[in-house]
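# Structural overview
Residues per chain, in single letters:
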Amino acid sequence: MLRRTLLKTTAAAALALTFGVQAHAELNGPVNYIIPFGPGGESDISARLQQPFFAEKFGQEMVVSYQPGGGGAVGWASLNGLNGDGQTIMGVNLPHIIIKPAQKDVGFTTESLNTFYMFHFTPDAIVVPANSPYQTLADLVNDAKANPGQVTMSGSGKASANHLAQIKFDKMTGALTTYVPFKGTGASVTALLGNQVKAQWGYTTVGAKQGDAVRMLAVAMEERHPLFPDVPTFKELGYDMVGGAYRGIALPNTASAETTAMWSDMIGQINADPAFRQKMLDGGFAMLDISAADMPAFMADRVAEYLKDAREAGLIK
Amino acid sequence: MEFSHFLSALTPLNFALALFGVVAGTVIGSIPGLTATMALAILVPITFSMEPASALILLGAIYTGAIYGGAYAAILLNTPGTPSAIATTFDGYPMAKRGDGDLAVALACFASVFGGLVGAIALLFLAPPLSQVALAFGPIEYFWLSVFGLSLIASLSSGNLMKGLVGGAFGMILSTVGVAEISADIRLTFGSQTLIGGFGVVGALIGLYCVPVLIDLVAVPDRHLKVEEGVKTVRIGEAFALAMRSKFNLIRSSIIGTLVGILPGAGGSVAGLVAYSEAKRTAKQDQKFGEGEPNGIMATESANSATVGGGFIPTLVLGIPGTPPDAIVLGALLVQGVRTGPAMFTQSGSIVFTFIYGLIIATVLMLPAGLLIGRYAYKSIVTVPKAVLVPTVGFMTIIGTFAIRNSVSDVIIMLCLGVFGWVVARFGFAASPIVLGLILGPIAEQGFVQGWTIGAATNNLFGMFFGRPISQGILLFTLITLILPPVVKWQKSRRYEEADQ
C-alpha cells in the first residue's frame, strides 16, 4: 500500500517536472482567430488591423474566421470546448459577455471565459446627419424634452452598449428619446443617413468612417478623441458618461497559465506598436491596455457597473 | 474614369488575378456550404501585400465567380450552392432531369456574365446617384419588400396555395428560433443549446434541398439525370440563341438585381427571387415556369450576378456594405489604409476605377472560364456512378454545413431538416416556401418592429406603413402578384367553358 502511494507520488512528481520543463509556451503554426459575429463590424475590423502586425512580429499567420449566431453566444458557448493549446483564440465583447449570461442560460458565464487582454474600446457617441438641425447636444436634449418620445435614435441591438448608453443618458437628462434597435452598427448608420431616425447612438468609429456625412454631438471619453478635436466629451458638457463597447480576446479555459501569459504579452506588444495605434486611432477606436494580470479587477468593475445599469433599465431581473 | 484606369486594370498581374479569382470563386461557389464570404475571409491576408487595386480585383473576381458557381449545384443537384441560386433550382433541375443540364449550365453562364456586366457598368457610371437607393429604403420599405417576396409563394405553388402558405409560415417560425437579431430575446429554444444559434439559411438550404435529393437517388434505380446518347456537341450556340431571344428578360432581371443589390438588407437571394417572380408574371402562354423554362434560369442568374456590382455601390460610396462579402472587402480596404465612405470616390479615384474595370474584365473572363468549368461539372455529375456520387455529395453536405461556423449543432439541424423535408415532400409541401419564410422572416420582423417603433413614437403609424411612396409602389406590385394569377386562371377557365359549349 505504502509502496503504491510512493510510486504514485513519484509518477506525479515526474509528470510535474516534465510539464515544468515544457512550461515555456510557444506558437506552433498558424493561429485561428474566431470572431463570433459576421464580417464588417468593429470586432472584425480591429482583428483585421491586428492581422498583419501579428504576422510581422511573431512569424505566424493569424487566420480570421467568423462564427456568428445568437449575438455572439454561439461562439462563446463553444469556446471552452476548443483546444487550449494556444492555437485558437476568440474575440470577446463587453457588455455582451456580461449581459447575455445574466439574461438567460446561454451556455457560458462571464467568469468561465478566459479573457486575457482587452485591447480597445469604441467610445459611445451621439451621431446626427450633416444636415440635422441639431448643432449641439443641447439642441437634441431640448428637443427631446419639448417633445417626449419624438426624438428617435437608432442603435445596434437591444441590451447592447448603445442601448445601455441611451437609457443612461435619458435618465441623466430627464429627457425621453425613443430607441430603435437595428442589426449591427452598419444598419443603424444606414437608417441615420437615410433620415429614418433623427439621431444615432453609435461610436466614434462611425464618425471616422462617415466623415463629412455626419456630425458627432458628444463622445463618451475622458478626453477628446485625437481624430475629432472639435467634438466635446459628455463630461465637458456636464454629463458623467465615459464608456462604450470594449473588445478583447479570450483563450479556451483549458489553456495553461503560460500560454495565457504568452498571449497577453503578444497582444500587448501589438498594442504598443505606434503604427498599429495610429491605424486604430485613424479608424476611430480608442486604445485600452488591460493585460491578463489586470483582468480580474477590470472585469469586476465592469460587471458591477453593467449589471447595475441593466437592472435599473429593467433589461435583466 | 479615364482610359488609363482601364489600362492599369489590364496589367498582367491584375489580369491573372482576375482570371484566378473567377476560377477559384466558381469552384468554391459550386460546393454547397462554401460561400463567397468564407472564401474571401480566408484570402484577405494574401491581399495585404498587394496594391489596393489588385487586392480589390482579386476579391471582386472571387465574389463574382462564387455567385455564378452556385448555379451548378442548383441545376445538377437541385441544391443551391449559395443562397443566391435558390430560384435557379426551380427550372434548372427540371431541365437537367430531362437531359438539358448542359444547356442550363451554359444559359446560366451567359446570364451571369450579362447580369454581372450590367451591375459593374452601373457601378462605373451611376454609383453616386444610385447609392441614394440604399438610403431611401427604411425599415418599412424592407418590411413591404419581404412581404412582396413572400407573395411569390402564391405564384410558386401553382394549385397548392394552402400548402405553400403553410410551408412559408413554418419557415418564418423557424427563423425566429434562437437569439433574436435586434431584440436580443432568446426564443423557442426550449432550453436547448443546439438551437441557440437558430436555423442558419445555408444549413437549411443544404438540408431541405440536398438531403431529399440524396435520399431519392438511393431510393430509385434510375440514372440521376437523363442523358441523350450520342449528343456530343457543346450546346453553347443553342444557349446563346435562347439568351438573345430573351434580351428583355435579361435586361429587366439585371436591373432588378442591381437595384436589390444596392439595398444592404436584401442580397442575392432576394434579387433572384424578385427577378424570377417578375419573369414569371410576364410570361408568355407557352412558357411553363417551374417545369424547366430557360427564362427562369436566365432571370435568376442575371439578377444575382448583377447584385455584385450593385452591392459595391453603397460599399464604396457610403461605406455601408451591401452584402456580407462586401463587408469583408471593406475591412480589407481599411487595413490597406484606404479611406472608404463618401470621400473614397474623390480621394482614391484611381483605386476605385481600376477596381471597377478589373471587375468588368473578371466578368468577361467568366464567359470562357465558366463555360469550360460548367461543361466539366456537368460531365462529371452525369457520368459518375450513383454509388460514388451519393457518398461524395453526402460528405460535402456535412463538411459544408460544419464549415459555416464550425458548429456540430448546425450539422444536426441540417440533417433533421433534410429528413423532415423529404417526408413532407411526400405530402406535397415543397422546400422553397419554407426557405423563403426562413430568409424573409427576419427582414419582415425587423422592418415591422423598427417601423412600428418609429411610427408609434411620432404618432404616425398609418402614414409610416402606408403613406410612403416607395412602400406604396411595392405594395401595389404585391397586390398585382397576388391577384393576377387567380384572375388569369378564372378568365382561362371561362374561355374553356365557352369553347366547350
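The following refers to the structure shown. Just so it is clear, the model here is predicted, and its values are computed rather than measured.

### Overview of the overall build of chain A
If you tally the helices and strands in chain A, you get eleven helices and ten strands. Seen through its C-alpha atoms, chain A measures out along the principal axes to roughly 85 × 45 × 30 Å. Across the 317 residues that make up chain A, the buried fraction comes to 54%. Counting only contacts in chain A whose residues sit at least 6 apart along the sequence, the fraction spanning at least 24 positions is 76%.

### As for the pairing of strand 4 (residues 114-129) of chain A
Two faces make up the sheet, and in a regular strand the side chains alternate between them. Residue and element names in this part refer to chain A. Burial analysis of strand 4 places 16 of its 16 residues in the buried class, which makes it a mostly covered element. Inspection of the sheet shows strand 4 paired to strand 9 (residues 244-251) by eight bridges, in the antiparallel sense. When the sheet's bridge partners are listed, M118 is paired in strand 9 with G248. Alignment of strand 4 against strand 10 (residues 286-290), held across three bridges, turns out to be antiparallel. The residue of strand 10 that forms the bridge with H120 is M287. In this sheet, strand 7 (residues 199-203) lies alongside strand 4 in antiparallel orientation, the contact comprising four bridges. Each bridged residue has a counterpart across the sheet, and for I126 the counterpart in strand 7 is W201. Here strand 4 runs beside strand 8 (residues 214-219); their pairing, made up of five bridges, is antiparallel.

### Brief notes about the environment of L103 of chain B
Residue and element names in this part refer to chain B. Structurally, L103 can be placed in helix 5 (residues 86-136). The spacing of L103 and P391 is 288 residues in sequence and 26 Å in space, taken between C-alpha atoms. Not counting the four nearest positions on each side in its chain, L103 is found in contact with M95, R235, E238 and A239.

### Observations regarding the nonpolar core
With 256 residues, the main nonpolar core has I126 of chain A together with I57, I75, L107, A108 and V435 of chain B as its most contacted residues. For this core, the element with the most residues is helix 5 of chain B, which contributes 25 residues. Counting only domains with at least three residues in this core, you end up with domain 1 (29-121 + 244-312) and domain 2 (122-219) of chain A.

### A closer look at the pairing of strand 5 (residues 151-156) of chain A
Residues and elements named next belong to chain A. Burial analysis of strand 5 places six of its six residues in the buried class, the great majority of the element. Alternating residues of strand 5 divide into V151, M153 and G155 and T152, S154 and S156, and every residue in both groups is buried. Direction of pairing for strand 5 relative to strand 6 (residues 177-182): parallel, over a ladder of six bridges. In the sheet register, S156 faces strand 6, and the bridge partner there is F182. Regarding the hand of the β-α-β motif, the stretch spanning strand 5, helix 6 (residues 161-173) and strand 6 is right-handed. Pairing between strand 5 and strand 7: two bridges, direction parallel. In the sheet register, S154 faces strand 7, and the bridge partner there is Q200.

Calculation criteria
- Residues numbered from 1 in each chain as written.
- Chains lettered and ligands numbered in written order.
- Predicted model: local features only at pLDDT ≥ 70, side-chain atom pairs only at ≥ 80, totals over all residues.
- Helix = DSSP H or I, 4+ residues; strand = E, 2+ residues; numbered from the N terminus.
- Buried ≥ 20, exposed ≤ 12 C-beta atoms within 10 Å, placed from the backbone.
- Contact = placed C-beta atoms within 7 Å.
- Pairing = 2+ DSSP bridges.
- Core = buried A, V, L, I, M, F, W, Y, C linked by C-beta atoms within 7 Å.
- Domains from an automatic or database assignment.
- Right-handed = clockwise from strand over helix to strand, strands pointing away.

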